[in-house]
Amino acid sequence: KKAEGDIEELQDRLKKSEDRRKKAEDEVEDLRDKLDQAKNENAALKDRLKKSQDDVEELTDRCKKAEDKCKRAEDENEELKDRLTKMEDKCKRSEDENEELKDRLKKTEGENEDLKERLRKTGDKL
């Protein structure tokens, strides 16, 4: 009887040991599944990170091009301001010259009238 009890006890311990082994195998399988899932999520996150980095690089390039374009426009604007100032100065000089020429024309016309009057008077004396 004692041997039968020992056998039952050993069978019971064996059953419990097999149950623990099965439970451990299930846990290992669950951990492998979680590891695979984590690897997949990690790969997806790396892809997203790469895409984000590519997007940042593209946006940085676009910003740089926009800044360069802006700088060229500012430089062109300064050049146009300089040209406008020069044209305004030239226009002012032309206006001043026109006023001077008008004054000289008036003076010349006055002198012509005087000469005509003198010529008429001279002609009357002859």
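Residues numbered from 1 in each chain as written. Predicted model: local features only at pLDDT ≥ 70, side-chain atom pairs only at ≥ 80, totals over all residues. Heavy atoms only, no water.

(A) Highlighting the pattern of salt bridges. In this structure the tally under the stated criterion is 14 salt bridges. For Lys 51, the salt bridge is made with Asp 55, and the minimal N-O distance between the two is 3.3 Å. With Lys 51 and Asp 55 both in helix α1 (residues 2-125) and four residues apart, this pair spans about one turn of that helix. Residue Glu 99 pairs with Lys 102 through a salt bridge whose shortest N-O separation is 3.7 Å. Linking Glu 99 with Lys 102, this pair stays in helix α1, spanning three residues, or about one helical turn. Classification of Lys 102 as exposed rests on a relative accessible area of 52%. (Salt bridge = Lys/Arg side-chain N within 4 Å of Asp/Glu carboxyl O. Helix = DSSP H or I, 4+ residues; strand = E, 2+ residues; numbered from the N terminus. Buried < 20%, exposed > 50% of the residue type's maximum accessible area, 1.4 Å probe, protein only.)

(B) Representation of the environment of Glu 41. Considering the arrangement of structural elements, one finds Glu 41 in helix α1. The class of Glu 41 is partly exposed, set by a relative accessible area of 44%.

(C) Quick look at the state of the cysteines. Tallying each qualifying case throughout the model produces zero disulfides. Here Cys 63 is not disulfide-linked; the sulfur of Cys 70 is the nearest cysteine sulfur, at 11 Å. (Disulfide = S-S within 2.5 Å.)

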